[in-house]
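# Examining the three-dimensional arrangement
These are the residues of each chain, in order.
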Amino acid sequence: MNSFNKAKVEIFHRINKLKLKAGAALDEKGVGFLDEKAIKRAQAAIDAKVTEYTDELESMLARLNSTWNSALENAKNPEATKQHASAMHNYANNIKDLAATYDYDLMEYFGHSLRDFCEKVDFSNKAHKTIVQAHIDVMTAAWRKKIKGSDEEMAKELKETLAKAIEQHS
């Protein structure tokens, strides 16, 4: 007989601190379990803030536009353009995240696209300037027209406009 068959195994159950922070019961056995009540409370908190979306988006677009104008003024200063590109990357990412939270698919798409472009933008390159300006223009138009989904006719037109600008100037 094998000595492993005679060995007694003892299992130590440790407290799962992450599970506690997520609001799950310690005795819950399901993998990835989250308390349904906690999820509902979180969704209610998000839903209550949806009215603030347009104000926050307006603020983000204003900061993005201001940073863009400053970047154009300082296009020959490599240190300044690096800071402007980083700030614009952050604003675009914040817009993307905010739009995703409140199901504004079109703005999420534009924010994601601009964020990714800011990783390689060269403010001294005329084509890059055109592409960034196209992003800002379509984002502003989507915000003014309060376009939420990507399937709306106007949303499709804005996406096509941006795609053409990127294609022509890449």
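What counts and how
Residues numbered from 1 in each chain as written. Predicted model: local features only at pLDDT ≥ 70, side-chain atom pairs only at ≥ 80, totals over all residues. Heavy atoms only, no water. Helix = DSSP H or I, 4+ residues; strand = E, 2+ residues; numbered from the N terminus. Buried < 20%, exposed > 50% of the residue type's maximum accessible area, 1.4 Å probe, protein only. Contact = heavy atoms within 4.5 Å. Areas by Shrake-Rupley, 256 points an atom, 1.4 Å probe, with all protein chains shown as cover. Phe/Tyr/Trp six-rings, centres within 6.5 Å; stacked < 30°, edge-to-face > 60°. Salt bridge = Lys/Arg side-chain N within 4 Å of Asp/Glu carboxyl O. Expected span 1.5 Å × (residues − 1). Polar contact = N/O pair within 3.5 Å; in protein donor to acceptor, adjacent residues only side chain to side chain. pLDDT = per-residue confidence, 0-100. Core = buried A, V, L, I, M, F, W, Y, C linked by side-chain atoms within 4.5 Å. Axes fitted to C-alpha atoms, helices over the stretch in contact; angles between N-to-C directions. Parallel < 35°, antiparallel > 145°, perpendicular 65-115°, else oblique. Left-handed = near helix turned anticlockwise from the far one by under 90°. Nonpolar A, V, L, I, M, F, W, Y, C, P; charged D, E, K, R; others polar.

### Observations regarding the overall build of the chain
- For the chain, the helix and strand inventory stands at eight helices and zero strands.
- Taken over 170 residues, the chain has a buried fraction of 32%.
- If you take every contact in the chain between residues at least 6 apart in sequence, the share linking residues at least 24 apart comes to 62%.
- For the chain, the exposed area adds up to about 11700 Å²; of that, 51% sits on carbon and sulfur atoms.

### Considering the packing of aromatic side chains
- Enumeration according to the criterion identifies four aromatic pairs in this entry.
- Seen from their ring centres, W68 and F123 are 5.9 Å apart, and the 50° between their planes marks the pair as tilted. With W68 in helix α4 (residues 53-73) and F123 in the loop between α6 (105-118) and α7 (126-144), this pair connects stretches of sequence that are 55 residues apart.
- In this structure W68 comes out as buried when scored by relative accessible area, which is 2%.
- Accessibility expressed as a relative area gives 3% for F123, which makes it buried.

### Some details on the pattern of salt bridges
- Overall, the coordinates contain four salt bridges when judged by the stated rule.
- E56 is the partner of R63 in a salt bridge, and the nearest nitrogen-oxygen pair spans 3.7 Å.
- Taking relative accessible area as the criterion, R63 reaches 34% and is therefore assigned partly exposed.
- K96 is paired through a salt bridge with D97; the nearest N and O atoms lie 2.6 Å apart.
- In this structure K96 comes out as buried when scored by relative accessible area, which is 14%.
- What makes D97 partly exposed here is its relative accessible area of 33%.

### Details of helix α5 (residues 78-101)
- Helix length check: α5, at 24 residues, gives a terminal C-alpha distance of 35 Å against a target of 34 Å (1.5 Å per residue), a fit within 8%.
- Along α5, the residues classified as buried are A80, T81, H84, A85, M88, Y91, A92, N93, I95, K96, L98 and A99.
- Where α5 is buried, its residues meet α4, α6 and α7.
- Sitting at the head of α5, N77 places a side-chain oxygen 3.1 Å from the backbone nitrogen of E79.

### Description of the environment of H112
- Here H112 is to be found in helix α6.
- When its relative accessible area of 36% is taken as the criterion, H112 is described as partly exposed.
- Taking the C-alpha atoms as reference, H112 lies 9.3 Å from H89; in sequence the two are 23 residues apart.

### Describing the confidence of the model for the chain
- For the chain, the mean per-residue pLDDT works out to 86, and 84% of the residues sit at or above 70.
- For the chain, helix α1 (residues 3-6) is the element with the lowest average pLDDT, namely 59, and α6 is the one with the highest, namely 96.

### A closer look at the nonpolar core
- The biggest cluster of nonpolar side chains holds 37 residues, and the ones touching the most others in it are L64 and M107.
- Listed by contribution, the elements that provide at least two residues to this core are α4, α5, α6, α7 and α8 (153-169).
- Leave out the neighbours within four places in its chain, and L64 touches M88, Y91, I95, L114, I136 and M139.

### Observations regarding the packing of α5 against α6
- Where α5 contacts α6, the two axes come as close as 8 Å, and the packing angle between them is 160°. With respect to each other, α5 and α6 are oriented roughly antiparallel. Crossing geometry of α5 relative to α6 is assigned as left-handed. Note on element contacts: α6 touches α5 through M107, E108, G111, H112, L114, R115 and C118, opposite A85, M88, H89, A92, N93, I95, K96, A99 and A100.
- Considered class by class, the residues forming the contact of α5 with α6 number nine nonpolar, four polar and three charged.

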